[in-house]
Amino acid sequence: MRNIEGLRGIHIGGHIINNLRYADDIVLFAENTKDLQRLLDIVREESQKRGLELNSKKTEITVVSRKETPPNIKVYINDTKLQQRDQFKYLEALISSDGRDTTEISIQNYI
């Protein structure tokens, strides 16, 4: 993860953030597809050096946008296109593509 420090991400409260980490979960942030692919490639390459593999079936993308319908993007792990979702769960929050979150969700409600 040190190799992505200083790379472009999103601006929050005067800081540039390109990742959130908790236990074995990582969320990557980028303002465009090219930057996201670059972050993902670096994480994949560094993981492989340490004998770890990213699971393309468990890795998903959510585009947060002010547009009514977020754009579809194409991001890959190796040659596998990642699935784009309308929302994702991180810790106890459900983040949707319109940027809203629903906190304290029950895991049974998110499938």
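Note that the structure is predicted; figures quoted are calculated from it, not measured.

Draft legend 1. Inspection of helix α1 (residues 33–49) at higher detail. The end-to-end C-alpha distance of α1, which contains 17 residues, comes to 24 Å, matching closely the 24 Å that a straight helix rising 1.5 Å per residue would cover. Buried residues of α1: D35, L36, Q37, L39, L40, I42, V43, R44, E46 and S47, and no others. The elements touched by buried residues of α1 are β4 (25–28), β5 (60–62) and β6 (76–77). With a side-chain oxygen lying 3.2 Å from the backbone nitrogen of K34, the N-terminal cap of α1 falls on N32.

Draft legend 2. Quick look at the confidence of the model for the protein chain. Residues at a pLDDT of 70 or more form 84% of the protein chain, whose mean pLDDT is 81. Considering each helix and strand of the protein chain separately, the mean pLDDT is smallest for strand β11 (residues 101–103), with a value of 56, and largest for strand β7 (residues 80–81), with 96.

Draft legend 3. The arrangement of unusual backbone geometry in detail. Positive phi, close to 55 degrees, is recorded for N78, a residue that is not glycine. Following the sequence through the fold, N78 ends up in the loop between β6 and β7.

Draft legend 4. Representation of the pattern of salt bridges within the structure. In this structure the tally under the stated criterion is 4 salt bridges. For K49, the salt bridge goes to E46, with nearest N and O atoms at 3.0 Å. Residue K49 and its partner E46 are both found in helix α1; the two are separated by 3 residues, about one turn of the helix. One salt bridge connects E60 with R85, and the closest N-O pair in it is separated by 3.1 Å. A residue pair is termed long-range when its members are at least 10 positions apart, and E60 in strand β5 and R85 in strand β8 (residues 83–85) qualify at 25 residues. With relative accessibility at 37%, the residue E60 sits in the partly exposed group. Owing to a relative accessible area of 34%, R85 belongs among the partly exposed residues under this scheme. Through salt bridges that share partners, E46, K49 and R50 make up one connected network.

Quick notes on the rules
- Residues numbered from 1 in each chain as written.
- Predicted model: local features only at pLDDT ≥ 70, side-chain atom pairs only at ≥ 80, totals over all residues.
- Heavy atoms only, no water.
- Helix = DSSP H or I, 4+ residues; strand = E, 2+ residues; numbered from the N terminus.
- Expected span 1.5 Å × (residues − 1).
- Buried < 20%, exposed > 50% of the residue type's maximum accessible area, 1.4 Å probe, protein only.
- Contact = heavy atoms within 4.5 Å.
- Polar contact = N/O pair within 3.5 Å; in protein donor to acceptor, adjacent residues only side chain to side chain.
- pLDDT = per-residue confidence, 0-100.
- Salt bridge = Lys/Arg side-chain N within 4 Å of Asp/Glu carboxyl O.

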